[in-house]
Amino acid sequence: MRNTRASLLLGCVLLCSVSLLYLGMSGIECPPKSHRHRWMELNLGLANQSLSSPSLFPEDTPLIFIGGFPRSGTTLMRAMLDAHGAVRCGEETRVIPRLLAMRATWSRSVKERMRLDEAGVTDQVLDSAVRAFLLEVIVGHGEPALRLCNKDPFALKSLSYLAHIFPKAKFVLMLRDGRATVHSMISRKVTISGFDLTNYRDCLTKWSSAVETMFSQCQAAPEGRCLPVRYEHLVLHPQEEMKKLLHFLELPWDSAVLHHEELIGKAGGVSLSKVERSTDQVMKPVNTDALNTWVGHIPPDVVNDMAAIAPMLSRLGYDPRANPPDYTRPEPVVSLFNYSESVKATETPHPS
């Protein structure tokens, strides 16, 4: 009798165990892996390791940073790169330029820097924290890919600092005729802090200053780290320009970059934010429709003073007296890697 009861009890235990195992396998799914986890599996082979260590985001991660003055083709460039099978850029994060600006302020005051050092919050500590924050945002805000890029236009105001904390990163600086850029900004009411959208003279003056900051740092960057790309050349000769860019980024050719509009909204393709002001143009194939739309809209007194108002036009090779210039003619730009040492004195220094 005792043996019969023991056998029944054992049978019930086994039956319950099998039932629980079946229900568990069929009814409970593992939570989806985060973008961060999937990126690490893809790039670092860390499928079975803890993901809590900051060292798992190495400083030599080969990031791509796209920047330039807003309305200079930065969104088009990132959409074309997003179409590449090995690249993910995604929408603007908005927080990255703000953090970089904050980091710069911590080093401007000698007294503040001394107090931070006394507290043990050295440049090395701050740089490590900023690097970890930026990587967390860039990795975590979109799908994983072999190469990740960030497009926050004014982040390149801190190009020198980014090159310092990410020694393997590469930078793409979008350039465009400032008159077209400012007209686009004003006509589309793209608000930028400190810019008076009712005043072409004010906006062109500040455009010239902002572009000088970014262009000078691009010129002073170590060889092979920063490539200026003209918006006009990109839309006139997309295949030629994209082949040059992909070679610079050490990426294989992918013809999908010439047809980004076909991948918008598709899995693994191009994701566009609803609030991105330029998405109406980016939804279309690469085109030249916006090249000359600024002509006739700038006040005559501003046109007459253009060379003095926006000296960066001449420096970038745009004729300030031509309305419009001949964009099909190659314009000279100061040599990328042989720039005068005097540039370094005018660049925004990195905090370290």
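One can find the structure itself at the top, above this paragraph.
Quick summary incoming for the structure in this document.

Cut-offs applied
- Residues numbered from 1 in each chain as written.
- Predicted model: local features only at pLDDT ≥ 70, side-chain atom pairs only at ≥ 80, totals over all residues.
- Heavy atoms only, no water.
- Core = buried A, V, L, I, M, F, W, Y, C linked by side-chain atoms within 4.5 Å.
- Buried < 20%, exposed > 50% of the residue type's maximum accessible area, 1.4 Å probe, protein only.
- Helix = DSSP H or I, 4+ residues; strand = E, 2+ residues; numbered from the N terminus.
- Contact = heavy atoms within 4.5 Å.
- Disulfide = S-S within 2.5 Å.

### Some remarks on the nonpolar core
Item 1. Of all hydrophobic cores here, the largest spans 83 residues; its most connected members are Met77 and Leu81.
Item 2. A total of 9 residues in this core trace back to one element, the largest contributor, which is helix α9 (residues 200-220).
Item 3. When neighbours within four sequence positions are excluded, methionine 77 is seen to be in contact with Ile66, Val172, Met174, Val229, Leu234, Met242 and Leu245.
Item 4. Listed in part, the 6 residues of the second largest apolar core include Ala83, Ile264, Val270 and Val282.

### A look at the environment of isoleucine 96
Item 1. Residue placement: isoleucine 96 occurs in helix α4 (residues 95-108).
Item 2. Judged by its relative accessible area of 0%, isoleucine 96 falls in the buried class.
Item 3. As a C-alpha pair, isoleucine 96 and leucine 134 span 38 residues in sequence and 6.7 Å in three-dimensional space.
Item 4. Excluding residues within four positions of it along the chain, isoleucine 96 makes contact with Leu134, Val137, Ile138, Asn150, Asp152 and Ala155.

### Description of the state of the cysteines
Throughout this description, disulfide means a covalent bond between two cysteine sulfur atoms.
Item 1. Applying the stated criterion across every chain, the model contains 2 disulfides.
Item 2. In this model, cysteine 218 is linked to cysteine 226 through a disulfide, with the two sulfur atoms separated by 2.0 Å. What sets the handedness of the cysteine 218 and cysteine 226 disulfide is the S-S torsion sign, and at about -105 degrees it is left-handed. The pair formed by cysteine 218 and cysteine 226 is uniform in burial state, with each residue classed as buried.
Item 3. Counting only the cysteines that take part in disulfides, in the order they occur along the protein chain, gives the pairing 1-2, 3-4.

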